[in-house]
Structures are given as structure tokens and as C-alpha cells.
Amino acid sequence: MSAKVRIPLDVQQLRRGWESLERESSYWVPQADIIGQIPRGLRGTFLRNGPGVNAVYGKRLKHPIDGDGMVCALTFIDGRVHFRSKFVSSSHRREERDAGKVLYDGQMGTRATGPVTQFGKVLVSLLSGKKPKIKFRNPSNTSVFYWGGKVLTTYETNLPHCLDPYTLETMGLDDLGGTLKLHAMAAHYRVDMKKKRLICLSLRVRLNGAAEVGFYEFDEHWHCCNAVHHSIAGLNYIHDFVLLPQFYLVHMTPFVKVSTSLVLKWAAGISSPGEEMRYHSDLPSKFVLIPRPGHSNPNSTVIMINTEPFHIFHYGTAYQDRHDNIHFTAVCLDTNFNMTFDDEIALSNVSVSPGRLFKFHIDVKQLTCSQEMADLASVEFPTVHPFRHGLSTSRYNYLMASDRQGYNLPYRDVIKFDHLSSSRQVYYSHGSIGEPVFAPRHGYSSYEGGDDDDGYVLVQLYNPELHRTEFIVLDARHIDADPCARICLKLKHHIPYGFHGSFTPDVFVSAPPTSKL
Ligand SMILES: [Fe+2]
């Protein structure tokens with residue numbers, strides 16, 4: 001069994017987990033560097049994205065979310081593991097490389113120029129009757145996934161980048177055949193494996209308060225089967241959504257405000273969108289149900305249902321019952337939440353406002369919502385079976401957690417939470433962990449039949465004492481048992497903490513070498 005160590009990790013050492021790693025790699029992991037055994041049922045590619053740098057040409061980034069994306073791919077094939085890492089080669093990154101300095105502001109407060117220069121530029125623009133320009137960078141660092149021959153990396157306010165799945169070479173920005181007319185794609189997507197579709201969304205918020213949201217359903221050849229657009233005032237931010245048979249569900253958060261004066265502050269370098277993310281008591285908190293095309297759904301209009309004032313980045317399991325009522329889990333942040341880089345470790349002020357897993361129940365006919373806290377641990381980054389989201393056959397949430405009394409940070413543990421029974425299993429790690437990703441044992445066909453924990457949980461783990469990263473393979477049925485395998489990296493290096501990952505049953509490397517390494 002994994003041991004619950006109560007001794008806190010050293011903060012200084014933990015911070016080093018964000019250090020830059022400019023080196024790109026490609027190699028087979030020697031069997032000698034794998035503790036335990038890679039299960040034969042684990043076949044496919046684990047992709048993860050995150051900032052590969054915490055400084056650019058000598059300038060320390062204010063927040064990790066401003067760092068250029070570095071994608072890692074771990075390929076599991078016949079008990080062997082291939083590792084590859086590569087930066088997303090965005091035009092912004094290339095321009096800064098040529099200039100040898102930071103050229104673009106970050107959404108989280110990293111600034112290319114000093115406040116006096118920036119304020120002066122805004123003043124000149126205004127005096128000449130022009131709108132001040134804001135050049136936020138697109139680090140494309142938030143998530144990565146494979147669909148229909150492409151690997152896509154995302155950053156929610158911009159277009160995704162397309163990568164070659166075999167080499168991770170960046171092919172360029174991708175508007176998906178012109179479908180992404182709002183020139184953005186949210187970090188999170190969902191898969192409807194029954195229909196063999198990828199569902200993603202775009203959001204574009206206008207200064208007059210109008211927000212345009214678009215949902216798109218693509219088949220395996222990137223043909224857009226469904227596209228819906230709505231203009232919804234107050235929908236100022238969306239990070240993730242729930243996919244249901246009849247609806248797309250999002251949350252109208254009271255934590256993001258948009259106004260002309262705020263945009264001027266951003267342009268002048270006085271603040272940034274990330275730094276302004278905080279609770280506004282005058283903004284509504286609502287769940288928004290957007291009808292999904294192709295269903296005999298009597299509710300053809302957008303439905304809004306009031307709920308408690310919290311912020312939601314991420315959703316877990318979800319389904320509609322036989323009365324069409326909606327049940328789902330989500331990680332909620334209370335009214336104290338903001339995006340302060342907490343102790344230079346966590347992406348938000350987790351020590352003050354930890355995420356908590358809640359269960360929600362929406363009565364679609366009565367337009368009511370109720371919720372209950374499902375677990376007491378400090379959690380974030382819930383993940384589920386990738387091909388069963390929105391189905392009643394999906395019951396398990398896997399959460400990045402701190403399940404140590406008195407410590408909201410760092411995230412060291414993986415909680416497997418059953419939303420039907422509210423029971424839990426916990427893996428207590430020896431380091432600091434990232435988002436757990438579920439890898440189904442039967443690949444694409446696992447969307448129906450059998451249990452939805454028939455597979456493996458893959459986790460990136462940072463060992464702060466050694467300043468090294470390893471990857472953990474857990475048996476999803478028994479995540480509280482010792483790992484099936486610990487993959488230590490050949491080059492004995494760390495990989496900066498990541499954001500989101502995904503698993504595809506496809507592999508993009510040829511068979512492993514027969515000679516023993
Ligand atoms: Fe996210």
C-alpha cells in the first residue's frame with residue numbers, strides 16, 4: 001500500500017519543479033530505469049502539456065501560465081516506454097528567439113516592457129485617436145490531445161497549434177478548416193465515442209459585454225458535423241464544459257469582469273486578465289445549458305439556472321438520469337479564490353482557497369440546482385474515463401489532491417472518487433504530482449461494457465529532493481496499492497510541472513529495439 005507521509009516537503013525544493021528545461025529529448029527508456037513492470041494492457045500514448053520555462057531571456061515569468069508550452073509524449077508499447085519532449089514552436093516563441101528578449105505580454109502579468117514605456121504607448125495611442133494594442137502571447141501550454149491525425153495544443157484565448165504526432169514538430173496555428181471563426185479554442189474538449197466525435201468550444205468576449213460562444217462537433221476526419229453559436233451576455237469566461245446527451249453545460253462565473261477601463265489597465269501594463277480574476281458580488285453565478293443539436297429535445301432555447309457564487313475551472317463525471325435531470329461533479333473555488341502564484345508553487349491561492357469536489361443536481365423542468373460537498377480534501381484537475389464523459393456508465397473521478405490534514409498544498413496524492421457510492425481510494429505519493437490521466441485498458445472500444453476503472457492512471461511526479469521527474473503507472477482498480485511501474489527518465493532530468501494531459505490508444509513510434517538497453 002502507498003504510505004501516507006505527513007512530513008511536508010521542502011518549499012524551496014518544490015519551487016524548483018517549475019525551473020526551465022530547454023532541452024528536448026527523444027529516447028527509449030531503459031528497462032533498468034523502470035521500477036516494476038509496464039502492464040501489457042497499457043498500449044498507447046500519454047501526452048501532457050505545460051510550461052517548459054519559468055524565465056525568458058533573463059526575465060522571470062510572473063506566473064507559470066505565461067510560459068511557452070512543452071509537450072511530452074510517453075508511448076507504451078509491448079511493455080516498453082518511449083519518451084519524447086518538444087516545445088510548441090509558436091510564432092511568438094520564434095520571434096522572441098530571434099530578438100533575444102521578451103516581446104509579448106502574458107495574460108498573467110508577465111510584461112515585455114516596463115510600466116512607464118507601456119503607459120506611454122497607451123497614451124500616444126489614445127491621443128492619436130487609436131485603440132491601444134495588446135499583444136498577449138499564445139504559449140499554447142494548457143492541454144494537448146490527439147484526434148483525427150493531429151495533435152493539438154491549446155491556450156483558451158487563442159487558436160490551437162497543430163503538431164505532427166510522430167515528431168511533435170509544430171505545424172502552425174490551426175483554425176480547423178475555418179470552423180474556429182472566433183479565433184480561439186478552450187483548453188478542454190470532450191469525446192463522444194458513441195458518435196465518434198470530438199467536441200470543443202470557443203469563447204470571444206466583446207467590450208460591450210456580449211460574449212459569443214461556439215460549440216463544434218468534429219468527426220474523425222475533422223468534418224464539422226454540428227456548430228452552434230450563441231451570444232450570451234455575462235458569459236465572460238469558460239475553461240471547461242460538461243457534455244451531455246442533450247446539452248452542453250457551462251458555468252457563468254462571477255469571477256471575471258470585462259470593461260473598457262479594465263482593458264485600458266491591461267494595455268497600460270497596470271494589471272492583466274489573470275491578476276484581475278477575483279470574486280465580484282455584483283456578477284451572477286449560473287449554470288448555462290445550451291441545447292445540443294440532433295436530439296428530440298423540447299428545450300430548444302438556452303436555459304440558465306442560478307447557483308451559489310463560486311468559480312469552476314473543471315468538471316468530473318456527469319450524466320442525465322431517466323427523467324433527464326443532470327448530475328455532475330465539479331471542483332469549486334470559494335469567494336476568496338484568486339490567481340496568485342501561491343508560494344511560487346501553486347497556480348492559484350490554494351493555501352487560502354483550496355478546490356473542493358462538489359456534487360451538483362439540476363432539475364431541468366423545475367430549473368433548480370442543489371449541491372453538496374463530496375470530499376474534504378484539497379483537490380484540482382479532476383479527470384474521468386476519456387470516452388465515457390456524460391454517460392451514466394462513468395462513475396469514477398481521479399483527482400490531483402492533498403489528502404494530508406492541515407495541508408492544502410502541495411498536491412501529493414491521487415484520489416479516486418466514486419460519485420455513486422461516494423467511496424474513495426487514495427494513492428499517497430513520495431513527491432509532488434500533476435494531473436492524473438486515465439488510460440483505458442481496451443482503448444477506444446472501452447466506451448461501453450465493463451467497468452469504467454478497467455485501465456490505468458498515469459501521473460507525472462516530481463521528486464523535489466532529487467530534482468527529478470518520474471511517471472507513475474497505477475492500476476485504476478486499486479490505486480491505493482503500490483504502483484505497477486515507476487518510470488524514471490534515462491537522462492535523469494526533471495520536467496517542469498505540467499497542466500493537462502490526455503491518453504490516446506494510438507502509438508506513433510515504431511516497435512521498440514530488440515537489444516536490451
Ligand atoms: Fe484546465
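Residues numbered from 1 in each chain as written. Predicted model: local features only at pLDDT ≥ 70, side-chain atom pairs only at ≥ 80, totals over all residues. Heavy atoms only, no water.

*Asks:* Hey, could you run me through the packing of aromatic side chains in this one?
*Replies:* For the structure shown, the criterion picks out 25 aromatic pairs. With centroids separated by 5.2 Å and ring planes inclined at 75°, the aromatic side chains of Phe287 and Phe360 adopt a geometry described as edge-to-face. Taken together, the residues span a long stretch of sequence, with Phe287 in strand β18 (residues 286-291) and Phe360 in strand β22 (residues 356-363) at a distance of 73 residues. Residue Phe287 shares its accessibility class with Phe360, and that shared class is buried. Each member of the aromatic cluster is reached from another via a ring pair, and the members are Phe287, Phe310, Tyr315, Phe328, Phe358 and Phe360. (Phe/Tyr/Trp six-rings, centres within 6.5 Å; stacked < 30°, edge-to-face > 60°. Helix = DSSP H or I, 4+ residues; strand = E, 2+ residues; numbered from the N terminus. Buried < 20%, exposed > 50% of the residue type's maximum accessible area, 1.4 Å probe, protein only.)

*Asks:* When you look at the coordination of the iron ion in this model, what are you seeing that I'm missing?
*Replies:* Coordination angles at a metal have ideal targets, namely 109.5 degrees for four tetrahedral donors and 90 or 180 degrees for six octahedral donors. Protein coordination at the iron ion: the donors are His188 (NE2), His239 (NE2), His314 (NE2) and His500 (NE2), at 2.0 to 2.1 Å from the metal. The coordination sphere of the iron ion comprises four donor atoms, whose angles at the metal cover 93 to 150°; the geometry is irregular. One chain supplies every donor to the iron ion, and in sequence these donors are spaced H-x50-H-x74-H-x185-H. A residue pair is termed long-range when its members are at least 10 positions apart, and His188 in the loop between β11 (170-173) and β12 (190-192) and His314 in strand β20 (residues 311-320) qualify at 126 residues. Taking the relative accessible area as the measure of exposure, His314 reaches 3% and is therefore buried. (Donors = N, O, S within 2.8 Å, 3.2 Å for Na, K, Ca; no water. Tetrahedral: all angles 85-135°; square planar, octahedral: opposite > 155°, others 65-115°.)

*Asks:* Any chance you could explain a nonpolar patch on the surface here in plain terms?
*Replies:* Judged by side-chain polarity, Phe119, Leu123, Leu127 and Ile270 come together as a nonpolar surface patch covering roughly 440 Å² of accessible area. Relative to the assigned elements, Ile270 resides in the loop between α4 (260-267) and β18. (Patch = residues over 30% accessible without salt bridge, like charges linked within 9 Å, V, L, I, M, F, W, Y side chains within 5 Å. Areas by Shrake-Rupley, 256 points an atom, 1.4 Å probe, with all protein chains shown as cover. Salt bridge = Lys/Arg side-chain N within 4 Å of Asp/Glu carboxyl O.)

*Asks:* Got a minute to help me understand the environment of Trp18 in this structure?
*Replies:* Along the chain, the position of Trp18 falls in the loop between α1 (11-15) and β1 (25-28). The class for Trp18 is buried, based on a relative accessible area of 7%. Through-space distance from the C-alpha of Trp18 to that of Asn397 is 26 Å; in sequence the pair is 379 residues apart. Setting aside its immediate chain neighbours within four residues, Trp18 contacts Pro51, Val53, Asn54, Pro64, Phe341, Glu344, Ile345, Leu347, Pro496, Tyr497 and Phe499. (Contact = heavy atoms within 4.5 Å.)

*Asks:* Just to check I follow, could you spell out unusual backbone geometry for this structure?
*Replies:* Comment: phi is negative for the bulk of residues other than glycine, and the bulk of peptide bonds are trans. For the bond from Leu409 to Pro410, the omega torsion is -10°, close enough to zero to count as cis. Mapped onto the fold, Pro410 is located in the loop between β25 (396-402) and β26 (413-418). You will see that Asp78, though not glycine, has its phi angle at about 50°, which is positive. Within the secondary structure, Asp78 is located in the loop between β6 (69-77) and β7 (80-87). A positive phi is found at Leu176, a non-glycine position, where the angle reads about 55°.

*Asks:* Looking at this structure, how should I read the pairing of strand β32 (residues 485-488)?
*Replies:* It is a general feature of regular strands that their side chains alternate between the two faces of the sheet. Bridging between strand β2 (residues 34-36) and β32 involves three bridges; their strand directions are antiparallel. Within β32, the residue paired with Gly36 across the bridge is Ala485. (Pairing = 2+ DSSP bridges.)

*Asks:* Is there a simple way to think about the pattern of salt bridges in this case?
*Replies:* Pairs can form between side chains of opposite charge whenever their charged atoms are close. Considering all chains together, one arrives at 31 salt bridges under this definition. Of the charged contacts in the structure, one is a salt bridge between Glu19 and Arg16, with a shortest N-O distance of 2.9 Å. Taking the relative accessible area as the measure of exposure, Glu19 reaches 26% and is therefore partly exposed. The shortest N-O distance in the salt bridge between Arg137 and Asp68 comes to 3.1 Å. Highlighted residues: Arg137 in the loop between α3 (115-127) and β8 (143-147) and Asp68 in the loop between β5 (59-60) and β6, separated in sequence by 69 residues. Arg137 gets classed as buried once you look at its relative accessible area, which sits at 3%. A single network of salt bridges, built from pairs that share partners, joins Lys416, Arg441, Asp451, Asp453, Asp454 and Arg477.

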